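For reference, the chains in residue letters:
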Amino acid sequence: QVDLVESGGDLAQAGGSLRLSCAAPGTILTITAMSWYRQAPGKQRELVAVITSDGITEYSDSVKGRFTISSGNARNTVTLEMNSLKPEDTAVYYCHCHETRRLLGGRQYEFDYWGPGTQVTVSS
């Protein structure tokens, strides 16, 4: 089992900013994408932002223009800069790591790993 380490969840006021960070174990050598999901009480988990190993980023419509996902300074890390926070951003945020492992002979295997979740609370 792979454990992702998350940090940065905190309390913030509407209009404020927070930075979330995530680190995957260095033993994972073939990460193809890292992303952030969130889940608010009573709602399904939704994708917030994703960055691929090629540096391509995508965002949900609800955070586009306010959040920025980027690779961290260290290998296998990712950050999520959250600006202009709104109360509706309140949720547990989960880091996700996708690995594509290709073996000699052309066989390919996919793996998904999750962080434990970090709470973000935005007050009015």
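Below you will find a few notes about this structure.

Conventions adopted
- Residues numbered from 1 in each chain as written.
- Predicted model: local features only at pLDDT ≥ 70, side-chain atom pairs only at ≥ 80, totals over all residues.
- Heavy atoms only, no water.
- Salt bridge = Lys/Arg side-chain N within 4 Å of Asp/Glu carboxyl O.
- Buried < 20%, exposed > 50% of the residue type's maximum accessible area, 1.4 Å probe, protein only.
- Pairing = 2+ DSSP bridges.
- Helix = DSSP H or I, 4+ residues; strand = E, 2+ residues; numbered from the N terminus.
- Axes fitted to C-alpha atoms, helices over the stretch in contact; angles between N-to-C directions.

Another point: the pattern of salt bridges. Evaluated as defined, the whole model comprises five salt bridges. In this structure, Arg 38 engages Glu 46 in a salt bridge whose closest nitrogen and oxygen atoms are separated by 2.8 Å. Classification of Glu 46 by relative accessible area gives partly exposed; the value is 33%. Between Arg 101 and Glu 99 there is a salt bridge, and its shortest N-O distance comes to 3.0 Å. Arg 101 gets classed as partly exposed once you look at its relative accessible area, which sits at 36%.

On to the sheet that holds strand E1 (residues 5-7). Pairing within the open sheet is antiparallel, and its four strands lie in the order E1-E3-E8-E7. Each edge of the sheet is formed by a strand with only one pairing partner; in this case those strands are E1 and strand E7 (67-71). Strand-to-strand twist of the sheet, defined as the mean angle between neighbouring strand axes without regard to direction, takes the value 15°. Strand direction decides the pairing type here: E1 and strand E3 (residues 18-23), joined by three bridges, are antiparallel. Bridging from a neighbouring strand, Ser 7 pairs with Ser 21 of E3.

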